[in-house]
Amino acid sequence: QENILEVLKDGSKLLPEVKKYLNEENEYTKKQLSETMPVQKKLFDEIKARIKLDDESLPYKDKNYEYWTKVTKEGNYSKKLRKKIGDSKIYWDGDIEAKGKKFFSAGDVAVSHNDELLAYSIDDKGSEYFTIFVRKISNNKIIEEAIPDTAGGITWSYDDKYFFYSKLDKFHRSKQIFKH
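Quick caveat, the model's predicted, so the values are computed rather than measured. (Residues numbered from 1 in each chain as written. Predicted model: local features only at pLDDT ≥ 70, side-chain atom pairs only at ≥ 80, totals over all residues. Heavy atoms only, no water.)

A. Representation of the overall build of the protein in the model. Helix and strand content of the protein: four helices and twelve strands. Relative to its length of 180 residues, the protein is extended, with a C-alpha radius of gyration of 20 Å against a globular reference of 16 Å. The principal-axis extent of the C-alpha atoms belonging to the protein is close to 60 × 40 × 25 Å. Going through the 180 residues of the protein one by one, you find that 27% of them count as buried. (Helix = DSSP H or I, 4+ residues; strand = E, 2+ residues; numbered from the N terminus. Rg over C-alpha atoms; globule rule 2.2 N^0.38 Å. Buried < 20%, exposed > 50% of the residue type's maximum accessible area, 1.4 Å probe, protein only.)

So this is what it looks like as structure tokens:
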């Protein structure tokens, strides 16, 4: 399909004949591998059993806060925590961000150097086009318009007045750095 990069952004642009072909291929694969399903399940369960579902990273200090990441059995995505010395608070929760979405992938989660703003990027289509959001950490309110079609990376300036990101071109490549 000629416009496959547009399809990544908007699945409704997938041609019916391509969708039919993909569904037929999936059915063929399912039929050909049907005898291996018990082994597939056994391997999947074995791999899953080796994954530690309750885990925390080691904290790292940045001025007044310690930051760390945590995953739990109850959720599928990580939580980003920060603790002012003597305090603790989740400042980004992947499970809350993913709620109600068919697909979810977090790109970057970046706190400004003054510890007041959080910029993060999300791909909720599986297209690897990330949308950047900026929120005030103190009240969790989005304070900027979303920035679509980015590569997902975010880097704050040292003075916290700007952050830098790259947009994807029509070939799905990062070619320019933008200052926001």
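B. Broad picture of the layout of surface pockets. In this structure, the largest pocket occupies an estimated 230 Å³ of space. Lining the largest pocket are 14 residues, and of these Tyr 60, Tyr 67, Tyr 91, Val 109 and Val 111 sit closest to its centre. When residues of the lining of the largest pocket are traced back to their parent elements, those giving at least two are strand 2 (60–62), strand 3 (65–71), strand 4 (79–84) and strand 6 (105–111). Sort the elements by how many residues they give to the lining of the largest pocket and strand 6 lands first, with five residues. Split by residue class, the lining of the largest pocket holds eight nonpolar, three polar and three charged. (1 Å grid on protein atoms, 1.4 Å probe; cavity = no way out; pocket = protein on both sides within 12 Å on 5 of 7 lines; lining within 4 Å. Points joined across faces, edges and corners; volume = space filled by probe spheres on them. Nonpolar A, V, L, I, M, F, W, Y, C, P; charged D, E, K, R; others polar.)

C. Representation of the nonpolar core in the model. With twelve residues, the main nonpolar core is built from Tyr 65, Tyr 67, Tyr 91, Trp 92, Ala 98, Phe 104, Val 109, Val 111, Leu 118, Tyr 120, Ile 122 and Ile 137. Listed by contribution, the elements that provide at least two residues to this core are strand 3, strand 5 (89–93), strand 6 and strand 7 (117–123). The element best represented in this core is strand 7, accounting for three residues. The residues contacting Ile 137, other than those within four sequence positions of it, are Arg 82, Lys 89, Tyr 91, Val 111, Asp 115, Glu 116, Leu 117 and Leu 118. (Core = buried A, V, L, I, M, F, W, Y, C linked by side-chain atoms within 4.5 Å. Contact = heavy atoms within 4.5 Å.)

D. The arrangement of the pattern of salt bridges in detail. Counted by the stated rule, this structure contains 13 salt bridges. Across the salt bridge formed by Lys 13 and Glu 6, the nearest N and O atoms sit 3.4 Å from each other. Residue classification places Glu 6 among the partly exposed residues on the basis of a relative accessible area of 42%. The partner of Asp 45 in a salt bridge is Lys 41, with the nearest N and O atoms 2.9 Å apart. With Asp 45 and Lys 41 both in helix 3 (residues 37–49) and four residues apart, this pair spans about one turn of that helix. In the salt-bridge network here, residues are joined through shared partners; they are Lys 79, Asp 93 and Asp 95. (Salt bridge = Lys/Arg side-chain N within 4 Å of Asp/Glu carboxyl O.)

E. Focus on the packing of aromatic side chains. This model, assessed by the stated rule, comprises eight aromatic pairs. Here Tyr 67 and Tyr 91 contribute two aromatic rings whose centre-to-centre distance is 5.5 Å and whose plane-to-plane angle is 85°, an arrangement assigned as edge-to-face. Here Tyr 67 is found in strand 3, whereas its partner Tyr 91 is found in strand 5, with 24 residues between them in sequence. With a relative accessible area of 2%, Tyr 67 lands in the buried category. Consider the rings of Tyr 120 and Phe 133, whose centres lie 5.5 Å apart with planes at 25°: the pair is stacked. You can see Tyr 120 sitting in strand 7 and its partner Phe 133 sitting in strand 8 (residues 130–136), a full 13 residues away along the chain. (Phe/Tyr/Trp six-rings, centres within 6.5 Å; stacked < 30°, edge-to-face > 60°.)

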